[in-house]
Amino acid sequence: MQGSQGSNEHETVGAYALGILDDAEATAFEAHLATCEWCAQQLDELAGMEPMLAALADLPGSGTPAIGESLSAKPSPRLVERLVDDVGERRALKRRRSFYMIAAAAALIIAGPLAVIAANGGDSSGSSGTVAAAKTTFDTLSDKVTATDASTKVTATVAMSKKNWGTLGVVELKNVKGPLKCSLIAVGKNGERETMSSWSVPAWGYGIANGKTEEAKSPLYAQGGAAFTPNEIDHFEVMTFDGKKLVAVNA
């Protein structure tokens, strides 16, 4: 899909499928699941694991040491220590990241819905206030980075601003042709990846210089947020849902 995901929400899908998360963890993951197609696909694939384990428990000898020994190899003490250390580190990191992600989500909810719109207003379902706010946000942010991919010819400009909860970002996308489903992803200097926003590109595309309509000629703007602070971000990527990188922009 998108390379190494690091220690983030994507790794929770297995625990969620087995029903071993507590209520708070399950609720947090479900919020992530609503916007992550990759996790939804993984969850579908893992959906049969819980019934399989239940059936396994009914096998003769279940509940005895024999079945446990037959199903798993005993790790060495050194490996056990490494696993315990890894679990502790992951849990500590998860607590820290969860705090920042919750703060980012809360700030975005207070500020208003995420905007994914064309410069001329997109479709008729978008309000003029949302259109004006997103365009104004992009225009007023002074910290901007831009790049054009030599292969896809897609141009992306990311405007960003440091917030108490992380980074507010708005991407301006040009010369992108549809139909596509895309995401703006912030890639941290530590290798972690955070999806800031997702959107659909219609067949006519956005920011096409020789487009047949004004809507096709206008850029697309997508606004979102990341728990990273700006100085923690290495670069941004615009990725399709099927894993193709349209353009990367150094932060």
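Source: prediction; values computed, not measured.

Q: Give me the lowdown on the packing of aromatic side chains, citing residues and values where you can.
A: Under the counting rule described, the total for this entry stands at 1 aromatic pair. Ring geometry for Phe138 against Tyr221: centres 5.1 Å apart, planes inclined by 65°, an arrangement best described as edge-to-face. Of the two residues, Phe138 is situated in helix H7 (residues 128-140) and Tyr221 in strand E7 (residues 220-226); the sequence distance between them amounts to 83 residues. Under the relative-accessibility criterion, Tyr221 is labelled buried at 3%. One residue, Lys144, lies across the ring of Phe138, its end atom 5.0 Å from the ring centre.

Q: I'd like a description of the nonpolar core, backed by residues and values.
A: Core analysis: the largest hydrophobic core is formed by 26 residues, its most contacted members being Leu173, Leu184, Trp199, Phe236 and Val238. Of all the secondary structure elements, the ones that give two or more residues to this core are strand E2 (143-148), strand E3 (155-163), strand E4 (166-174), strand E5 (180-188), strand E6 (193-201), E7, strand E8 (233-240) and strand E9 (245-250). Sequence-distant contacts of Leu173, defined by excluding residues within four places in its chain, comprise Val154, Thr155, Ala156, Trp199, Tyr206, Pro219, Leu220 and Val238. Counting residues in hydrophobic clusters, the runner-up holds 7 residues, among them Ala26, Leu33, Cys36 and Cys39.

Q: Can you lay out unusual backbone geometry for me, pointing to particular residues and giving the numbers?
A: With an omega of 0°, the peptide bond running from Gly178 to Pro179 counts as cis. Structurally, Pro179 is set in the loop between E4 and E5. Backbone geometry at Lys153 places phi at a positive 70°, although glycine is not the residue there. For Lys153, the location among the structural elements is in the loop between E2 and E3. Given a relative accessible area of 49%, Lys153 falls into the partly exposed group.

Q: Please set out the side chain of Thr167 residue by residue, giving values where relevant.
A: Summarising the element assignment, Thr167 is placed in strand E4. Within the structure, Thr167 has its side chain in polar contact with the backbone oxygen of Phe228 (distance 2.7 Å). Here Thr167 is in contact with Met160, Ser161, Met196, Gly224, Gly225, Ala226, Phe228, Thr229, Pro230 and Ile233, once residues within four sequence places are set aside.

Q: Hey, could you go over the pairing of E5 for me, with residue numbers and the actual values?
A: Most of E5 is tucked away, with 7 of its 9 residues classed as buried. When E5 meets E6, the two strands line up antiparallel, connected through 8 bridges. In the sheet register, Cys182 faces E6, and the bridge partner there is Trp199. From the end of E5 to the start of E6, which pair antiparallel, there are 4 residues, and Gly191 there has a positive phi angle of about 90°. The pairing of E5 with E8 spans 7 bridges and is classified as antiparallel. Residue pairing across strands places Val187 opposite His235, the latter belonging to E8.

Q: How would you sum up the sheet that holds E9? Please name residues and give values.
A: Pairing in this open sheet of 4 strands is antiparallel, and the strands run E6-E5-E8-E9 from one edge to the other. A single partner strand is all that each edge strand has here, and the edge strands are E6 and E9. Strand-to-strand twist across the sheet, computed as the mean angle between neighbouring axes with direction ignored, equals 15°.

Q: I'd love a proper account of the pattern of salt bridges, names of residues and values included.
A: A full pass over the atoms with the stated rule returns 4 salt bridges. The closest approach of N and O atoms between Lys217 and Glu214, which form a salt bridge, is 3.8 Å. Placement of the pair is Lys217 and Glu214 together in helix H8 (residues 214-217), with a separation of 3 residues, close to one helical turn. Of the charged contacts in the structure, one is a salt bridge between Lys245 and Glu237, with a shortest N-O distance of 3.6 Å. Its relative accessible area of 40% is what places Lys245 among the partly exposed residues. Overall, the relative accessible area of 6% leaves Glu237 in the buried class. Residues joined in a network through salt bridges with shared partners are Arg193, Glu237 and Lys245.

Q: Describe the side chain of Ser218, listing the residues and the values that go with them.
A: Here Ser218 is to be found in the loop between H8 and E7. Of the residues examined, Ser218 reaches a relative accessible area of 12% and is grouped as buried. Of the polar contacts made by the side chain of Ser218, one reaches the backbone oxygen of Glu214; its length is 2.8 Å.

What counts as what
Residues numbered from 1 in each chain as written. Predicted model: local features only at pLDDT ≥ 70, side-chain atom pairs only at ≥ 80, totals over all residues. Heavy atoms only, no water. Phe/Tyr/Trp six-rings, centres within 6.5 Å; stacked < 30°, edge-to-face > 60°. Helix = DSSP H or I, 4+ residues; strand = E, 2+ residues; numbered from the N terminus. Buried < 20%, exposed > 50% of the residue type's maximum accessible area, 1.4 Å probe, protein only. Lys NZ or Arg CZ within 6 Å of the ring centre and 35° of its normal. Core = buried A, V, L, I, M, F, W, Y, C linked by side-chain atoms within 4.5 Å. Contact = heavy atoms within 4.5 Å. Polar contact = N/O pair within 3.5 Å; in protein donor to acceptor, adjacent residues only side chain to side chain. Pairing = 2+ DSSP bridges. Axes fitted to C-alpha atoms, helices over the stretch in contact; angles between N-to-C directions. Salt bridge = Lys/Arg side-chain N within 4 Å of Asp/Glu carboxyl O.

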